[in-house]
Amino acid sequence: MARLTALQLYKYLPAKNCGRCDEATCMAFAIRLLEREKKAVDCPELTDNGLERLEDAITPSVRDVEFGAGENKITVGGEEVICRHELRFFGSTPFFIDVSDLMDEKEIIKRTKFAQEFEVERIGQILKLQGVSIRCASGDSKKFSETVSKVAKDFSGALILCSFDPSILRAGVEIVKERKPLLYAANKENYTEVLEIAQEYGTPLVVYSDKIDELGSIAKEMSSRNFKDIILDPGAELRGSGLAKTLNKFTMLRKSAVKGVKELGYPLMCSTVSLWMGFKGSSEGERMSLAYTESTAASMLLDRFASLLVLHSIDVWAILPLVTLRQNIYTDPKIEPSVEAKLYEIGTPDESSPVIITTNFALTYFNVSGDLDNAKVSCYLLVIDTEGLAVTVSVAAEKMNASTINAALKESDVENKVKHHKLIIPGAAARLKDEFEDETGWEIIVGPNDSSQLSNFLIKENL
Amino acid sequence: MDVEKLRKLLGDADEIEIEDFELESEKIEFILRSQIAANAVSRKPKAPLPGFRFTPPVDKYDSKISEVTLGATKAGGGTRDRELRIGGANAPPFYYFENYCTNNPVISHDIFDMPISLPGHVKKYFGDAMEDPADWAKLRVKKFNAEMITLHLVSTDPNVKDTSVNEACKTIEDVLQAVKVPLIIGGSGNPKKDPELLSKAAEVCSGEKVILSTVDPDMDYKMVAKAAAEYNHSLISLISMNPDEMRRLNKNLMKTGMKPENMIMDLFTGGVGYGIEYTISAMERCRLAGLKGDKYLALPMASATSNAWSAREAWSHDDKLGPREWRGPLWESTTAAMALLSGADLFMMLHPTSIKIIESLIESLSVSKPVDSGLEENNTNNTYTQWINV
């Protein structure tokens, strides 16, 4: 359904301004609904029918599906658009690490630990992996249950249990029922049984079919039984031109959902584990090259509408671009990731400390200030308002130019804080040296291209 | 049939179908492997599923992205051994269900007119060839099968080496002699010197149909456009991530006489983690506007993908992040993959491994119409369902 405005949503509300939802007015509540900070049920005035109408009206084109429990609860989907500039993407794609019950114990522990401990800090955010996907490759319910227990013991995040055999899924979910795992998967053979398990344990499930008609039919059947906590796996060929078909299929599905096809209005998932089929672990080179292929396929699916990904590789270098890209793609395009443009004091600067300039792109600022901190440098860091652009970009886009630098110098009053007139600029802004010098009257020193070399540079140049 | 024999048979089977079966014993217990059990369940008669017929959500687009020819052979008045064509898309990138069809994107390999600072593991691919642009170009073509070369004349920047325009033109001539693939002539980014350099380069490359890279509103772009038109070259307009400004610049270029079939636009490619999200959105917006009929944006797009190397993750020595020989090229190719999905038609790339990955992606993504209506299913080699059993 097309996204409604706050005014349109307001019509679904009681218009009493009773305040029992903690908002002063129903209009304020409507705005909160739009921002997804309130849910329909937060309005105590709405009755069954009215509540249902409102819920229908605010359900995103791609339904949002929750699983996991407590602080590890995950919401996937919730999307309204095809291109992020039309609104933004919401359900930041969770990554799950693949575990099979045929792996030896050491491997299982290694993978579980990796999923638990992986952590990268970027722009003040900690990027993590969200879960472990446990699949029953043995066909043995007992072996599967043991593996589920093992993983659950060392891992606190979200879980996916994978088997097409309902009795195996049942055995698995019984062990971790309080964690509300995601069930993978219902297909045209087993959907009645898998649906029963999902309803009994209050968990969502994945519907799998590589035929879109069938996928929609199963989802429709479940929805008619009043079950909508569904994630769709439309199947994926990931090798050669199969990848083209897969991207095409994911695109058709997202576009259909956005155009209001209810049967397909669910989050999409993909497992890239099938790429590893036939790999015996014999050669390190082959393993690295498979990890490369998997990371590439996963990044393209991440851009093209996969709301959940299961990954086999646990190589940090192969995961790193994925978590970074996810942070990028799911950033609200209206918000520039920037810090306040002003003069920052690093360490304990005095009148002879160097003055260094950089941009207010958050990542640039965190990198530069972090490097200076680590090197125990005391200095003034003058952050220029480049509208949140990095150095290279802001030089190209003229956001860092002689007049913005001059204005920042004046405003910061750094002139009266140091007794020298030396300004260190980023290496990537080297070609602006003369302009800066003419405009500011300060001596411009071209610094290194990367801030990790700043402290060595300061020592070498005796600054 | 005796029970032992039956049990043995069951042990190896993937599926069993028992016909004319008569039970003579009092009680018989089958222990079936779960796979078989699942299939056994499947044979239970089911209520038919409700019907759902999928119709691909097809939009029609008013316009088509213009096509640009790169390089000129003898027949076209040049000395190149091939002509390449980019552009021509009639739907968003890889929307095969909307009949997406285009020329294959082209990758142009970067070389520089002076040795530049690169991580050692990248330098080792080029060795001494980095000292001489002609040698570097030859290596790119012979060893790495470059279809196209970008010569970046970075040393001409007054703040770098201030190499004179005449000297830079000698370098261009050397490279034109050394290799016969189409060329991109890149300036240093200096807004004062580039117009003079690129205009002179247009004259030196007369007949070769090169691409002059890049022009922006802060330089005398009209001077470059005039030279490009006079000597029949193409040029790349550069605006950082802003579709409105890009539209304005292209409109102005067209006013000076540039034709769409000689124009390419670059919305600046920020690396993964360094602005790629703005690149993606700017490119998507321009491509959609172009397809919907905005003639000033219905142009092929270039991506200077090697910008990805300014990302710290691409080169840092941090062992916790895994081996940099793998991390670096993956950073560049992931950046390229995003540009590809956003509509890039021309890539300027650095690392041979990244280039190889993107070449094979382009090949596999651009096979002529892999999906007819989007409904065609090919189940014969679909192994996806078995991922659970890998």
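In this report, we go over the structure that sits alongside the text. In every chain, residue numbers begin from 1 and rise along the written sequence. Working convention: letters from A go to chains and numbers from 1 go to ligands, in the order in which they are written. Owing to the predicted nature of the model, reporting of local features is limited to residues with pLDDT of at least 70; listing and counting of side-chain atom pairs is limited to 80 or more, with chain, interface and lining totals taken over all residues. Where side-chain values are given, they derive from all heavy atoms of the structure, hydrogens and water being excluded.

### Concerning the overall build of chain B
For the purposes of this entry, the term helix denotes a DSSP run of H or I that reaches at least four residues, the term strand denotes a run of E that reaches at least two, and both are numbered from the N terminus. When its secondary structure is counted, chain B shows twelve helices and ten strands. Within chain B, buried positions represent 56% of all 390 residues. Throughout, a contact is declared for two residues whenever any of their heavy atoms are within 4.5 Å. Sequence-distant contacts in chain B: of pairs separated by 6 or more residues, those separated by 24 or more amount to 68%. For the area figures, the Shrake-Rupley method with a 1.4 Å probe applies, and any residue is considered shielded solely by the protein chains shown. Split by element, the accessible area of chain B, about 17300 Å² in all, is 48% carbon and sulfur. A simple rule labels every residue: compare its accessible area, found with a 1.4 Å probe on the protein chains alone, to the largest value its type can have, and call it buried under 20%, exposed over 50%, or partly exposed in between.

### Brief notes about the sheet that holds strand β16 (residues 422-425) of chain A
Residues and elements named next belong to chain A. Strand pairing is defined by DSSP finding a minimum of two bridges between the two strands. An order of β13-β15-β14-β16-β17 is seen for the five strands of this open sheet, with the pairing classed as mixed. Sheet topology places β13 (343-346) and β17 (443-446) at the edges, where each strand pairs with a single neighbour. The average angle at which neighbouring strand axes cross in this sheet is 30 degrees, direction not considered. Relative to strand β15 (residues 379-384), strand β14 (residues 355-359) is paired through five bridges, and the arrangement is parallel. Considered in β15, the bridge of Thr359 is made with Ile384. Packed on one face of the sheet, helix α14 (residues 402-412) meets β13, β14, β15 and β16 and runs near 130 degrees to β15. Interaxial angles span 0 to 180 degrees and are taken between N-to-C directions of axes, which are lines fitted to C-alpha atoms, for helices over the stretch in contact. Against the sheet, helix α15 (residues 433-440) touches β16 and β17, its axis set at about 155 degrees to β17.

### Considering the interface of chain B and chain A
On the chain A side, the residues contacting the 86 residues of chain B number 100 residues. In this description, buried area is defined as the sum, over both parts, of the accessible area (probe of 1.4 Å) that is lost when the two are combined. For the chain B and chain A pair, buried surface summed over both sides reaches about 8100 Å², with 63% attributable to carbon and sulfur atoms. Summed over the three residues of chain B that lose the most area to chain A, namely B:Phe52, B:Tyr384 and B:Trp387, the buried surface amounts to 11% of that side. What makes a salt bridge here is a side-chain nitrogen of Lys or Arg within 4 Å of a carboxyl oxygen of Asp or Glu, nothing more. Joining chain B to chain A, the criterion identifies seven salt bridges. Note that A:Asp213 is salt-bridged to B:Arg53, the shortest N-O span being 2.8 Å. Only α2 (34-42), α9 (276-291), α10 (312-315), α11 (324-342) and α12 (352-365) of chain B provide two or more residues apiece to the side of chain B that touches chain A. In terms of residues, the side of chain B that touches chain A owes the most to one element, α11(B), which gives eleven residues.

### Considerations on the pattern of salt bridges
All told, the structure shown has 39 salt bridges over all chains when counted by the stated rule. For A:Arg111, the salt bridge identified is with A:Glu107, shortest N-O distance 3.0 Å. Here A:Arg111 and its partner A:Glu107 are both found in helix α4 (residues 105-117), four residues apart, which amounts to about one turn of the helix. The exposure class assigned to A:Arg111 is buried, which follows from its relative accessible area of 3%. Overall, the relative accessible area of 25% leaves A:Glu107 in the partly exposed class. In this structure, A:Asp371 engages B:Arg312 in a salt bridge whose closest nitrogen and oxygen atoms are separated by 2.7 Å. With A:Asp371 in helix α12 (residues 362-374) and B:Arg312 in helix α10, this residue pair bridges two chains.

### As for the packing of helix α9 (residues 242-258) of chain A against helix α10 (residues 284-303) of chain A
All names here are of chain A. Relative orientation of the contacting elements α9 and α10 amounts to 20 degrees, with a least axis distance of 10 Å. Taken together, the axes of α9 and α10 lie roughly parallel to each other. As for the relative orientation of α9 and α10, their crossing is right-handed in sense. Contacts between α9 and α10 pair Leu243, Thr246, Leu247 and Phe250 from the former with Ala297, Met300 and Leu301 from the latter. Orientation is classified from the angle alone, with under 35 degrees giving roughly parallel, over 145 giving roughly antiparallel, 65 to 115 giving roughly perpendicular, and any other angle giving oblique. Note on convention: near helix rotated counterclockwise from far helix by under a right angle means a left-handed crossing. Clockwise means right-handed.

### As for the pairing of strand β3 (residues 106-112) of chain B
Residues and elements named next belong to chain B. The element β3 is extensively covered by neighbouring structure, given that seven of its seven residues are classed as buried. One ladder, built from four bridges, connects β3 with strand β10 (residues 344-349); its direction is parallel. Within β10, the residue paired with Ser108 across the bridge is Met348. Here β3 runs beside strand β4 (residues 149-152); their pairing, made up of four bridges, is parallel.

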